[in-house]
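The primary structure of each chain is shown beneath.
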Amino acid sequence: MTPELKGFLLVASLKILVAFSLVNVGVIMVIWAERRVSAFLQDRLGPNRVGPLGLLQSLADGVKNFTKEETYPAEADPVVFVLAPVLSFIPAMLAAAVIPFGSPLPGFDMTLPIIGQIVYSGEIPMMIADLPIGFLFILAITSLGVYGIVMAGWSSNNKYAFLGSLRGSAQMVSYEIAMGMGLVALMILVGNVTLTEAIARQQESTWFIFPLFIGFFLFAVSSLAETNRLPFDLPETESELVTGFHTEYSSMKFSMFFMAEYANMITASAMMATLFFGGWDIPFTTWDEGPASYLRFFATFGVFLAKTWMFMLTFIWIRWTLPRFRFDQLMQLGWKFMIPLALGYIMLIATTVWVLDTRGVEFGIVYSLILFAVNLPLTYVLFSILDRGKVLGGSQHKRVKVSA
Amino acid sequence: MSEKSTVEFELRTPGIDGQGNPTSHAVGLADDAPDLHSDHMLVNIGPQHPATHGVLRLVAELDGEVVVKLIPHLGYLHSGFEKLGEYRFYNQLIPLTDRMDYLAPMANNVGLALTAEKLMGIEITERCKVLRVIACEMSRIIAHLVWLGTTSIDIGAFTPFLWLFQEREKMYNLQEAWTGARLTTSVTRVGGMMADIPEGFEAGMRKFLLEFPKTLDEVDKILSGNGIWCGRTQGIGIMSAEEAVDYSLSGAMLRASGVPYDVRKDRPYLDYESYDFDIPLGEHGDVFDRYLVRFEEIRQSARILEQALDRLEDGPINVDDPRVILPPKSAAMSEMEAMIFHFKHVMEGVEAPVGEAFCSIEGAKGELGYYLVSDGSAKPVRWRVRPPAFINLAALPKMSEGHLLSDMIAINASIDIVMGEVDR
């Protein structure tokens, strides 16, 4: 084994370990956070008995789920029934592989007692694999999760689960289109689909939330639908389908669905942070773009975590605030609103970019702000259409008349 | 007094034409759609299900997700209260009424006491009337808070439920201070009340009435103006005024359809005519209007409570008649006459003259009626309840068929059923 290969293997396995534990610890933390934040929103305490502030509650639940009895419905298809939770769990874990979680570390050249010389020349990118297909990989892998839902619903031989899985597959397939379309505009600005390039382009100009506000909106809403969270939790719909596709699942198989949901949420949050909020970029300074160092890595890693957590908290906040869509409303929103909007938006951004490029405007902050100015009126129109509550909320007092 | 409007419509069976075929058809595939040889799916919802509000069982025939046919199955909580009542003294019926509409037990107690008093021809005291108004309106607020919370859960919003339950908890504390019980209050007696309100009750109630509109406003803000909430509730489960009357609906279900009928206004009891309050009316008869009507009713009930507290004067809570009212324990242990009455009350009960009486009040769910028949003994020979939730529930299939499964859940929630009352 050459020293370079040893170095590569060491770095790769360490990165896999870090990314995997980031997702898994993240899942535990986000479940705890969801319970505490929802408790905060609802004026109650939430779990506060296991460990400090109840932090170990999810671990305790994990132990409980490991030791509980596994039930198999009598008429279930045993192979598919067991395969389904696995198929939704694995993609959720895989998607984190291409997300950069910090600025690069410097390479090294050292000699260890038994292993010998280890060399890693050049900077170490802080992601498991800097794939040339970038976020297309994430879209592809997360959409595999729908198989888990479909198979769970089909194999359970339960009508609630069946309806839930039908809803789930229709929903996820529809919103994937809007999600992908929302990212096409970003592709136009970045030039390719790698996440490192996306971050570099944001460092050159501004965070893409400004030039691509509608794109972010499309992506965020689709992410909610893709992760099956309220207001789009139609595959589960506790009050209608009991718990939808995982009605028949118990113990660790249920836990895997549960963890997959939260892992997907982490992936979606990390995607939003990376693609639209600069990833590990520290705002208002170019210090973090300097040569690789350990200090820079830890600073940017912290910033990345903070951004990701901000989105996760937003996910939680939305879930505990909004009511649920009906199935046909969800499909209408997806097909009749999001997809046409995404198509129109691609046209708009492409045209603007073409005009800016032919006028010779350099890609940078000014370029971004011009695009932001293009987004503003569209945003206003969008939200005045979407905010039907404003119209109805004003009319509600007119709707109920009071007899003297 | 409100201007009464009489609603007159021809009698017919809605939804069925002269040949006995249904007149409305479910939303289905277009006529030229290919025949896929698909069958309808029969889905059983309940009696154990998160959204059936107790042990209601619904059997739904689904075409895709569209409810083609819906049959509610009742009886999972049947307790035979009406038959049991035939073996009970009149005062012993009151604990049975607690267990019917267990979300508004005090209003049930009041209804039964009023009917028994009508049967016996008893005039209750002024203070007792005001206390009963307080009991009724407290019940209405509690029941509507629970309704609002559970409906928001059914439509997917969990948070308002817990906000409202905290307010309900405050109300329950007041109720507990008064009656000693949170659910089975048994607060009335024939001819009076079980107990007078305790010290601090009035101040506590005023504090509650001052504070809880804030929570209501918050819930109003989070739900009424929300596009998703409006989309889920508006135009769903419509009952026209005509249909609502045909189905004999009452309470908020009827008023949401625009029929101005409220027992408190139209056949006043307990001097309701002297209180200043409004009856909210809907226009469209959909789930959203029912929501708005009940929401406004909570506010109106708070108004009535304030007025009732203002006019609460010192005085006896029971009629001054030892044949009807149980003498106080201290008197029973020291006076001969009181002891005899005590003995007779406990062993023989209060005899009612031969006859029958029907009295209805505006309960939380609708018009709550009690019918008592007496043969001159201390026990009724027949006791019959007009349970508003049971009759309102009969409209569920009519409202749900042709809607999606999710809508059916929302419509079911909007009826505000309590299975204890439906099954009795």
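Look up: the structure comes first, before these words.
Residues numbered from 1 in each chain as written. Chains lettered and ligands numbered in written order. Predicted model: local features only at pLDDT ≥ 70, side-chain atom pairs only at ≥ 80, totals over all residues. Heavy atoms only, no water.

## Some remarks on the overall build of chain A
Stated formally: Put simply, DSSP H or I for four residues or longer makes a helix, DSSP E for two residues or longer makes a strand, and each gets a number counted from the N terminus. For every residue, the accessible area (1.4 Å probe, protein chains only) is compared with the maximum for its type, and the residue is labelled buried under 20%, exposed over 50%, or partly exposed between those bounds. Two residues qualify as a contact provided that any one of their heavy atoms is within 4.5 Å of a heavy atom in the partner residue. Surface exposure here means Shrake-Rupley accessible area, sampled with a 1.4 Å probe, where a residue is shielded only by the protein chains that are shown.
Helices and strands together make up the secondary structure of chain A, namely 13 helices and 3 strands. Along the first, second and third principal axes, the C-alpha atoms of chain A reach 80 × 60 × 40 Å. The buried share of chain A, taken over its 404 residues, is 54%. Expressed as a percentage of contacts within chain A between residues at least 6 apart in sequence, the contacts between residues at least 24 apart total 79%. Accessible area for chain A stands at about 17,900 Å²; split by element, carbon and sulfur atoms hold 72% of it.

## Thoughts on the overall build of chain B
What counts is decided by this rule: Counted as positive: Lys and Arg. Counted as negative: Asp and Glu, with His and the chain ends omitted from the count. By convention, the point assigned to a charge is CZ for Arg, NZ for Lys, CD for Glu and CG for Asp.
Looking only at helices and strands, chain B features 17 helices and 9 strands. Its C-alpha atoms give chain B principal-axis dimensions of roughly 90 × 45 × 40 Å. A total of 424 residues make up chain B; the buried ones form 59% of that total. In chain B, once contacts between residues fewer than 6 apart in sequence are set aside, the share between residues at least 24 apart is 70%. Carbon and sulfur atoms make up 54% of the accessible area of chain B, which amounts to about 17,000 Å² in all. One finds the centroid of the 40 positive side-chain charges in chain B at a distance of 5 Å from the centroid of its 63 negative side-chain charges.

## Concerning the pairing of strand β1 (residues 41-45) of chain B
The side chains of a regular strand alternate between the sheet's two faces. Residues and elements named next belong to chain B. Note the threshold: For two strands to pair, DSSP has to find at least two bridges joining them.
Burial along β1 is one-sided: Met41, Val43 and Ile45 are buried, while Leu42 and Asn44, pointing the other way, are not. Summarising the sheet, β1 and strand β2 (residues 57-63) pair through 5 bridges and their orientation is antiparallel. By the bridge assignment for β2, valine 43 is matched with alanine 60.

## Observations concerning a nonpolar patch on the surface
Residues and elements named next belong to chain A. Applicable threshold: Like charges are joined within 9 Å and nonpolar side chains (Val, Leu, Ile, Met, Phe, Trp, Tyr) within 5 Å, but only among residues with over 30% relative accessible area and no salt bridge; these make up the patches. Counted as salt bridges are all cases of a side-chain nitrogen of Lys or Arg within 4 Å of a carboxyl oxygen of Asp or Glu.
There is a patch of nonpolar side chains on the surface, built from Leu10, Leu14, Leu17, Met110, Leu112, Ile114 and Ile115 and spanning about 670 Å² of accessible area. Where the nonpolar patch is concerned, the elements lending two or more residues are α1 (3-41) and β1 (108-112). It is α1 that provides the largest number of residues to the nonpolar patch, a total of 3 residues. For leucine 112, a relative accessible area of 31% corresponds to the partly exposed category.

## A closer look at the interface of chain A and chain B
Keep this limit in mind: Polar contacts here mean pairs of N or O atoms no more than 3.5 Å apart (in protein, one a potential hydrogen donor and the other a potential acceptor; neighbouring residues in sequence count only if both atoms are side-chain atoms). The classification used treats Ala, Val, Leu, Ile, Met, Phe, Trp, Tyr, Cys and Pro as nonpolar, Asp, Glu, Lys and Arg as charged, and all other residues, Gly among them, as polar.
Each partner contributes residues to the interface: chain A has 38 residues there, and chain B has 53 residues. The tally of links between chain A and chain B comes to 2 salt bridges. Of the charged contacts in the structure, one is a salt bridge between Glu65(B) and Arg167(A), with a shortest N-O distance of 2.5 Å. The interface formed by chain A and chain B contains 11 residue pairs in polar contact (both at pLDDT 80 or more). Among the elements of the structure, α5 (159-190), α8 (238-241), α11 (327-358), α13 (388-399) and β3 (401-403) of chain A are those that each provide at least two residues to the side of chain A that touches chain B. Here the side of chain A that touches chain B is composed, by residue class, of 16 nonpolar, 8 polar and 14 charged.

## What about the pattern of salt bridges?
In total, this model carries 41 salt bridges over all chains according to the counting rule given. One salt bridge connects Asp407(B) with Arg326(A), and the closest N-O pair in it is separated by 3.0 Å. Pair noted here: Asp407(B) is in helix α16 (residues 405-415) and Arg326(A) is in the loop between α10 (294-319) and α11, and the two residues belong to different chains. For Asp407(B), a relative accessible area of 2% translates into the label buried. Note that Glu211(B) is salt-bridged to Lys207(B), the shortest N-O span being 3.8 Å.

## Concerning helix α4 (residues 134-156) of chain A
All names here are of chain A. As a reminder of what qualifies: The span one expects for a helix is its residue count, reduced by one, times 1.5 Å.
End to end, α4 covers 35 Å across 23 residues, agreeing with the expected 33 Å (1.5 Å per residue, within 8%). Of all the 23 residues making up α4, 17 are buried; the element is thus mostly covered by neighbouring parts of the structure. Directly beyond the C-terminal end of α4, a positive phi value near 55° is found at asparagine 157.

## Here's the deal with unusual backbone geometry
All names here are of chain A. Even without being glycine, asparagine 157 reaches a positive phi, approximately 55°. Among the structural elements, asparagine 157 can be located in the loop between α4 and α5. Positive phi, normally seen in glycine, also occurs at asparagine 228, with a value near 55°. By the secondary structure assignment, asparagine 228 is in the loop between α7 (213-226) and α8.

## Here's the deal with the packing of α4(A) against helix α9 (residues 251-276) of chain A
Residue and element names in this part refer to chain A. In plain terms, the rule: The axes used here are C-alpha line fits, helices contributing only the stretch in contact, and every angle between their N-to-C directions lies in the interval 0 to 180 degrees. Angle categories are assigned with fixed cut-offs, so that under 35 degrees is roughly parallel, over 145 is roughly antiparallel, 65 to 115 is roughly perpendicular, and the rest are oblique. Definitions for this section: a left-handed crossing has its near helix turned counterclockwise from the far helix by less than a right angle. A right-handed crossing has that turn clockwise.
Two elements in contact, α4 and α9, have axes whose closest approach is 12 Å; the angle formed by their N-to-C orientations is 160°. By the criterion of interaxial angle, the relationship of α4 to α9 is roughly antiparallel. The two elements α4 and α9 cross, and the hand of that crossing is left-handed. Where α4 abuts α9, its residues Phe135, Ile138, Thr142, Gly148 and Ala152 lie against Phe257, Asn264, Thr267, Met271 and Leu275. Grouping the constituent residues of the contact of α4 with α9 by class yields 6 nonpolar, 4 polar and no charged.

## Overview of the nonpolar core
How we decide: Definition used in this section: a nonpolar core is a set of buried Ala, Val, Leu, Ile, Met, Phe, Trp, Tyr and Cys residues joined via side-chain atoms within 4.5 Å.
One finds Leu212(A), Phe232(A), Leu275(A) and Phe276(A) to be the most contacted residues of the largest nonpolar core, which totals 98 residues. Top element by residues in this core is α9(A). It accounts for 15 residues. The contact partners of Phe276(A), leaving out residues within four places of it in the chain, are Leu183(A), Leu186(A), Gln202(A), Trp207(A), Phe208(A), Ile209(A), Leu212(A), Gly215(A), Phe216(A), Phe219(A) and Met271(A). By size, the runner-up hydrophobic cluster in this structure holds 85 residues, among which are Tyr90(B), Leu119(B), Val133(B) and Leu145(B).

## Re the sheet that holds strand β8 (residues 367-374) of chain B
Residues and elements named next belong to chain B. As summarised here, the arrangement of the 3 strands in space is β7-β8-β9, forming an open sheet in which the pairing is antiparallel. Here the strands that pair on one side only, and so sit at the sheet edges, are β7 (355-362) and β9 (380-386). Strand-to-strand twist of the sheet, defined as the mean angle between neighbouring strand axes without regard to direction, takes the value 10°. Here 8 bridges tie β7 to β8, and the two strands are oriented antiparallel to one another. Considered in β8, the bridge of cysteine 359 is made with tyrosine 370. Its contacts with the sheet place helix α3 (residues 105-120) against β7, β8 and β9, and it is angled at close to 150° to β7.

## Things to note about the sheet that holds β2(B)
Two orientations exist for strands paired in a sheet by backbone hydrogen bonds: parallel and antiparallel. Across the sheet, 3 strands lie side by side as β1-β2-β3 (chain B); this open sheet has antiparallel pairing. Strands with a single pairing partner mark the edges of an open sheet, and in this sheet they are β1 and β3 (66-73) of chain B. Strand after strand, the sheet turns through a mean of 20° between neighbouring axes, direction not considered. Contacts from α5(A) reach β1 and β2 of chain B, with the element oriented near 110° to β1(B).

## Some thoughts on the side chain of Asn412(B)
Tracing the sequence through the fold places Asn412(B) in helix α16. Among residues more than four places away in sequence, those in contact with Asn412(B) are Ala51(B), Thr52(B), His53(B), Leu56(B), Leu58(B), Leu393(B), Leu396(B) and Ile417(B).

## Quick notes on the packing of aromatic side chains
The cut-off we apply is this: Classification of ring pairs rests on two measures: the distance between centres of Phe, Tyr or Trp rings, Trp counted by its six-membered ring, which must be within 6.5 Å, and the angle between planes, read as stacked under 30 degrees, edge-to-face over 60 and tilted in between. Lysine and arginine charges are scored as sitting over a ring when NZ or CZ, respectively, is within 6 Å of the ring centre and within 35 degrees of the ring normal.
Under the definition given, this model contains 31 aromatic pairs over all chains. Plain terms: the ring middles of Trp207(A) and Phe277(A) are 5.8 Å apart, the flat faces sit at 55° to each other, and that makes the pair tilted. With a gap of 70 residues between them, Trp207(A) in the loop between α6 (195-204) and α7 and Phe277(A) in the loop between α9 and α10 connect regions that are remote in the sequence. Grouping residues by exposure puts Trp207(A) and Phe277(A) together as buried. Measuring from centroid to centroid gives 5.3 Å for Phe232(A) and Phe325(A), while their planes differ by 20°, and the two rings are stacked. With a gap of 93 residues between them, Phe232(A) in the loop between α7 and α8 and Phe325(A) in the loop between α10 and α11 connect regions that are remote in the sequence. What makes Phe232(A) buried here is its relative accessible area of 3%. The class for Phe325(A) is buried, based on a relative accessible area of 14%. Among the aromatic residues, those joined into a cluster by ring pairs are Trp207(A), Phe216(A), Phe219(A), Phe276(A), Phe277(A) and Phe311(A). Directly above the aromatic system of Tyr275(B) lies the positively charged group of Arg311(B), at a separation of 3.8 Å from the ring centroid.

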